[in-house]
2 protein chains.
Amino acid sequence: MTRVLSGSAVAKEIRAGVTAAAERLSAEGREPHLAVVVATADESTAAYVRSIGGAARKCGIRCSVVDLGPDATSIRIRSELEALSADPAVHGIILQTPLPPSADFDTLASAIDPAKDVDGANPLSLGLLAARLPAFAPATAEAVMVLLDHYEVPLSGANAVVVGRSTVVGKPAALLLLNRDATVSVCHRRTTDLAAHTLNADVVVVAAGQPGLLTGKHVGANTVVVDVGTNVEADGSLIGDVDFASVDGVAAALTPVPGGVGPVTTALLLQHTITSASR
Amino acid sequence: MTRVLSGSAVAKEIRAGVTAAAERLSAEGREPHLAVVVATADESTAAYVRSIGGAARKCGIRCSVVDLGPDATSIRIRSELEALSADPAVHGIILQTPLPPSADFDTLASAIDPAKDVDGANPLSLGLLAARLPAFAPATAEAVMVLLDHYEVPLSGANAVVVGRSTVVGKPAALLLLNRDATVSVCHRRTTDLAAHTLNADVVVVAAGQPGLLTGKHVGANTVVVDVGTNVEADGSLIGDVDFASVDGVAAALTPVPGGVGPVTTALLLQHTITSASR
């Protein structure tokens, strides 16, 4: 019997705290303000940004979308990030992907003031995380940890496998798990035998961007699976990296998509904005 | 038959390149200059710093040791690192450990200009490394890679295990191996069954600071073992983290201590100083 680890209730709890804090800050004349920089015409990205904006406003956080268009140059994007970093009325900055082909995300993200880097995109934030110094973790990677903690999954000494090694999810998730005393393995497209690593894992975090990558054959009865995948189907629906039907009934527990890591990630972006605005 | 992978010849080759470059730079009036900040009375540290100074001078690099004494405050250390960062005549800065108990290495290292951070100690350097952006890697972690490359150990798709998760060696070594397409597992003192991870590994990097930690029981016939340990014995001799006698004859290959990772590390610190002085 596989337990489904919903993120919706966890996210609701976080948003309640955010709403209370936003009210208090606004009463003090410090309305929390999140800015999202967009440079794409991609429709699913626009929908995602709208959902962040909606969630922010519901919690009493102002959300500005700075749409630079799909032809924005790196110089233009960087100067916008610098302006927002310098603006005392802005507390959180998100650089939304995808970017124009000529722009490099990690290079541009280094222009985000670490104090406002609510999605932990600046390489400095990642380095601080690795050194266990105060920094905002990428919200998706932190959402994985929040979910595991909420459902009381033991991490110290556990065997954790992260599938995917992106700078935004895989690497920071591995560092966060390592900071919590898990033994951590990072697998990716060059891994020769994925099942050999995942079958005996206590925790498997899948963040590869590949629908159906993890199946029931990859997991054991004690494995807790966290699905970070957010793949948009042709009909606009969202599916994860895990073949839910085949893992359900085999693994010990599994986060759904949608309704798992996603809502917690959005709630954490808002919580980080509150943290920044409260300083 | 276990192959012993000596670092001495590799280091000699690197130093030859450094010497030629230092001569050229000095002829142009830009004598390369490495500064080592020390804040301890520890005798083995003093010996290590003397050996760096000697190696630097032999290659034509000026080496200044700034000894702040074992009672130096964090403020004093930070201001020295800032002064050296601002000094155009200094090209490389090393913050030597151990530091006084009140001082935090990672926090202080963030005061080192990344352009002069020849031992990759600034958390920003680590973050840039994780994001695959240009930065100096910690010399010890890079020395592991240089040795593996020199002896043509295949890394893409290989199973690599790093034992130890320090900010200076374990984590950066894991990131460098990951950047080279190895499947990477990081083990540490909380790992429940070390042998289960190392027995089938193609590469094991041991950086735990614990003599005799890895034995013949932990490795297979195809395992290449890199010993990063530099433990000083009561008689002043240096031993690694690997029980050499027991691994010798079992593993495919093994780096010795001394004469393995150590000399390559020192040579890379000098090479990084040349890179910085050449800009």
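Conventions adopted
Residues numbered from 1 in each chain as written. Chains lettered and ligands numbered in written order. Predicted model: local features only at pLDDT ≥ 70, side-chain atom pairs only at ≥ 80, totals over all residues. Heavy atoms only, no water. Helix = DSSP H or I, 4+ residues; strand = E, 2+ residues; numbered from the N terminus. Buried < 20%, exposed > 50% of the residue type's maximum accessible area, 1.4 Å probe, protein only. Contact = heavy atoms within 4.5 Å. Buried area = accessible area lost by both parts, 1.4 Å probe. Salt bridge = Lys/Arg side-chain N within 4 Å of Asp/Glu carboxyl O. Polar contact = N/O pair within 3.5 Å; in protein donor to acceptor, adjacent residues only side chain to side chain. Nonpolar A, V, L, I, M, F, W, Y, C, P; charged D, E, K, R; others polar. Pairing = 2+ DSSP bridges. UniProt positions renumbered as here; feature names shortened; annotations may be inferred. Axes fitted to C-alpha atoms, helices over the stretch in contact; angles between N-to-C directions. Parallel < 35°, antiparallel > 145°, perpendicular 65-115°, else oblique. Left-handed = near helix turned anticlockwise from the far one by under 90°.

Engineer: How should unusual backbone geometry be read in this particular structure?
Structural biologist: Thr97(A) connects to Pro98(A) through a cis peptide bond whose omega is 0 degrees. Counting through the fold element by element, Pro98(A) comes out in the loop between strand S4 (92-95) and helix H4 (105-109). Of the consecutive residues Val257(B) and Pro258(B), the connecting peptide bond is found in the cis state with omega at 0 degrees. Within the secondary structure, Pro258(B) is located in the loop between strand S11 (253-254) and helix H10 (261-277). The backbone of Glu152(A) sits at a positive phi, close to 55 degrees, despite the residue not being glycine. Mapped onto the elements of the fold, Glu152(A) is located in the loop between helix H6 (139-150) and strand S5 (159-163). Accessibility expressed as a relative area gives 69% for Glu152(A), which makes it exposed. The residue Asp181(B) is not glycine, and still its phi comes out positive at about 70 degrees. A relative accessible area of 15% places Asp181(B) in the buried class.

Engineer: What am I meant to see in the interface of chain A and chain B here?
Structural biologist: Interface size, as often reported, equals the accessible area lost upon joining of the parts. Tallying the contact residues gives 33 residues for chain A and 33 residues for chain B. Between chain A and chain B lies a buried interface of about 2600 Å² when both sides are counted; carbon and sulfur atoms form 55% of it. Interface area lost by chain A to chain B is led by Lys171(A), Leu178(A) and Thr183(A), which between them contribute 20%. Between chain A and chain B we count four salt bridges in total. Applying the counting rule to chain A against chain B returns 21 residue pairs in polar contact (both at pLDDT 80 or more). Broken down by secondary-structure element, the contributors of at least two residues to the side of chain A that touches chain B are H4, helix H5 (123-130), helix H7 (170-179) and strand S6 (183-187) of chain A. No other element matches H5(A), which puts six residues into the side of chain A that touches chain B. Considering only residue class, the side of chain A that touches chain B consists of 13 nonpolar, 13 polar and seven charged. Bridge count between S6(A) and strand S6 (residues 183-187) of chain B: three bridges; the pairing is antiparallel. Pairing of Val184(A) across the sheet is with Val186(B), part of S6(B).

Engineer: Quick question: what am I supposed to make of the UniProt feature "domain: Tetrahydrofolate dehydrogenase/cyclohydrolase NAD(P)-binding" (unreviewed entry) in chain A here?
Structural biologist: According to UniProt, the feature "domain: Tetrahydrofolate dehydrogenase/cyclohydrolase NAD(P)-binding" (unreviewed entry) maps to residues 138-278 of chain A in the numbering used here. Along residues 138-278 of chain A one finds 34% helix and 17% strand; the C-alpha atoms at either end are 19 Å apart.

Engineer: Can you help me understand the side chain of Thr255(B) in this one?
Structural biologist: Residue and element names in this part refer to chain B. Topologically, Thr255 is positioned in the loop between S11 and H10. A distance of 2.8 Å separates a polar atom in the side chain of Thr255 from the backbone nitrogen of Asp227. Residues in contact with Thr255, not counting those within four places in the same chain, are Leu5, Leu147, Val225, Val226, Asp227, Gly260 and Val261.

Engineer: Quick question: what am I supposed to make of the packing of helix H2 (residues 43-58) of chain A against helix H10 (residues 261-277) of chain A here?
Structural biologist: Between two packed helices, both the angle of their axes relative to each other and the distance between the axes serve to describe the pair. Residues and elements named next belong to chain A. At a closest axis distance of 10 Å, the pairing of H2 and H10 adopts a crossing angle of 55 degrees. Between H2 and H10, the angle is such that the two are oblique. In the packing of H2 onto H10, the handedness of the crossing is right-handed. Listed contacts from H10 to Tyr48, Ile52, Ala55 and Ala56 of H2 are Thr266, Leu269 and Leu270. Broken down by class, the residue content of the contact of H2 with H10 amounts to six nonpolar, one polar and no charged.

Engineer: Explanation requested: the sheet that holds S5(A) in the structure shown.
Structural biologist: If you trace the 12 strands from one edge of the open sheet to the other, you get S1(A)-S11(A)-S8(A)-S7(A)-S5(A)-S6(A)-S6(B)-S5(B)-S7(B)-S8(B)-S11(B)-S1(B), paired in mixed fashion. The open sheet is flanked by strand S1 (3-4) of chain A together with strand S1 (3-4) of chain B, the only strands paired with a single partner. Looking at chain direction, strand S8 (residues 224-227) of chain A and strand S11 (residues 253-254) of chain A are connected through two bridges and run parallel. Counted as the bridge partner of Val224(A) is Ala253(A) from S11(A).

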